Amino acid sequence: MTEATPPAFAGPRRVLSGVQPSGDLHLGNYLGALVKFTRLQHEIETFIFVADLHAITAWQDPAKLKTQVREIAAAYLATGLDPKIATIFPQSAVPEHAELAWVFNCVARLGWLDRMTQFKDKAGKHKERESVGLYTYPVLQAADILIYKATHVPVGEDQRQHLELTRDIAAKFNHDFAVPGHFPLPEALTEGPGARIMSLRDGTAKMSKSDPSDYSRINLTDDADAINQKVRKARTDPEPLPELLVDLKGRTEAENLIGIYAALAGRTAQDVLTEFAGQGFGAFKPKLADLAVSVMGPIGDEMRRYLADPAEIDRVLTEGAERARAVAAPNMAEVRRIVGFWAG
């Protein structure tokens, strides 16, 4: 006799994602995440948060943290997220994230967390010096997703393992408490072409806000002069651009710049090569700089406009937190009842 398949989750389709408020957002964040958020809000119920609980797994200056939360919110708004459509909020303003994370800490198994490669990468040889929060970070991610019963999560390759952990936690909770289908097993919305943007100084390293060199990235707040200068100084090689994409293999910096151009222009990398085949970077870089300025310049202007009005940002975040809690609070109440917590 075969075992019956547990019922599937029957709730609405929702997507959830967030960005940590640490360091300046850059071109990689824009193409890899923010563009997706803007598109998704018109396709599926969308929750986008500023991950300030995650940020403090490493030391943050308390005086700067609130300002950095506003900067991320300004980037969301400047790149097209509409607070009338998407729910935009600070993670710490919805305490149900942390409460559900504790329940999930008691559902997840130690061996599952021991296999998380991101902790090993970040901690290096001195894991005993890292915060417990950094170790249990993926459990809080699971709570972020499941407190809204989100069904879809935009993920890069470095977050796939954490999403699998979320699915494992959801499945174990559903099984252990005999509530089949209570939590969904969220699905990945994977990166598309051009979403993985590499450093302008090292084509083998992902563009990062933690890179000490500001010339490694184009920040969302960079003006036209800064963008032009960074593109001009981007590392390349002396060879002309080939006709075929396959001939870029091994030329990491060249491949990265072609990928950036393609992503900004909404074209394929092969289309870009067809246009610039045989030309050197002396001809290509000015075209890339012009394109980057035309796309990123207005975003920087909008960010500066929002940042000049912090009260407006705070209004958006406060209203978003109220909307988020309207979903999270009843979901957490269900969990309390299922787990058997005291209800008074």
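Basis of the calculations
- Residues numbered from 1 in each chain as written.
- Predicted model: local features only at pLDDT ≥ 70, side-chain atom pairs only at ≥ 80, totals over all residues.
- Heavy atoms only, no water.
- Axes fitted to C-alpha atoms, helices over the stretch in contact; angles between N-to-C directions.
- Helix = DSSP H or I, 4+ residues; strand = E, 2+ residues; numbered from the N terminus.
- Left-handed = near helix turned anticlockwise from the far one by under 90°.
- Contact = heavy atoms within 4.5 Å.
- Nonpolar A, V, L, I, M, F, W, Y, C, P; charged D, E, K, R; others polar.
- Salt bridge = Lys/Arg side-chain N within 4 Å of Asp/Glu carboxyl O.
- Buried < 20%, exposed > 50% of the residue type's maximum accessible area, 1.4 Å probe, protein only.
- Phe/Tyr/Trp six-rings, centres within 6.5 Å; stacked < 30°, edge-to-face > 60°.
- Core = buried A, V, L, I, M, F, W, Y, C linked by side-chain atoms within 4.5 Å.
- Patch = residues over 30% accessible without salt bridge, like charges linked within 9 Å, V, L, I, M, F, W, Y side chains within 5 Å.
- Areas by Shrake-Rupley, 256 points an atom, 1.4 Å probe, with all protein chains shown as cover.
- Lys, Arg positive; Asp, Glu negative; His and termini not counted.
- Charge placed at Lys NZ, Arg CZ, Asp CG, Glu CD.

Observations regarding the packing of helix H9 (residues 224–233) against helix H12 (residues 281–307)
- Contact geometry of H9 with H12 gives a least axis separation of 9 Å together with a crossing angle of 145°. Remark: the crossing between H9 and H12 carries right-handed chirality. Across the interface between the two elements, Ala224, Ile227, Asn228, Val231, Arg232 and Lys233 from H9 touch Lys285, Leu288, Ala289, Asp290, Ala292, Val293 and Met296 from H12.
- Residues of the contact of H9 with H12, tallied by class, amount to eight nonpolar, one polar and four charged.

Looking at the pattern of salt bridges
- Overall, the coordinates contain 17 salt bridges when judged by the stated rule.
- Arg315 is paired through a salt bridge with Glu312; the nearest N and O atoms lie 2.7 Å apart. Placement of the pair is Arg315 and Glu312 together in helix H13 (residues 310–339), with a separation of three residues, close to one helical turn.
- Overall, the relative accessible area of 37% leaves Arg315 in the partly exposed class.
- Exposure remark for Glu312: the relative accessible area of 25% places this residue in the partly exposed category.
- Within this structure, Asp214, Arg217, Asp222 and Lys230 form a network of salt bridges that share partners.

A closer look at the packing of aromatic side chains
- Applying the stated criterion to the full structure yields 12 aromatic pairs.
- Ring geometry for Phe173 and Phe183: centres 5.0 Å apart, planes at 65°, overall edge-to-face. Linking Phe173 in helix H8 (residues 160–176) with Phe183 in the loop between H8 and strand E5 (187–190), this pair joins segments that are 10 residues apart in sequence.
- Looking at Phe173, the relative accessible area reads 0%, which means it is buried.

Some thoughts on the nonpolar core
- Within the largest apolar cluster, 55 residues are counted, with the highest numbers of intra-cluster contacts made by Leu27, Tyr76, Leu264 and Phe284.
- Only helix H1 (27–40), strand E2 (45–50), helix H3 (62–78), H9, helix H10 (252–265), helix H11 (269–276), H12 and H13 provide two or more residues apiece to this core.
- Here the element with the most residues in this core is H12; it accounts for 10 residues.
- One finds Phe49, Ala143, Phe173 and Val179 within the second-largest nonpolar core, a separate group that totals 43 residues.

A short note on a positive patch on the surface
- Side chains of Arg201, Arg232, Lys233 and Arg235 sit close together on the surface and give a patch of like positive charge.
- Within the secondary structure, Lys233 is located in helix H9.

As for the environment of Arg39
- With respect to the helices and strands, Arg39 occurs in helix H1.
- For Arg39, a relative accessible area of 42% puts it in the partly exposed group.
- Arg39 sits 214 residues away from Glu253 along the chain, and the two C-alpha atoms are 28 Å apart.

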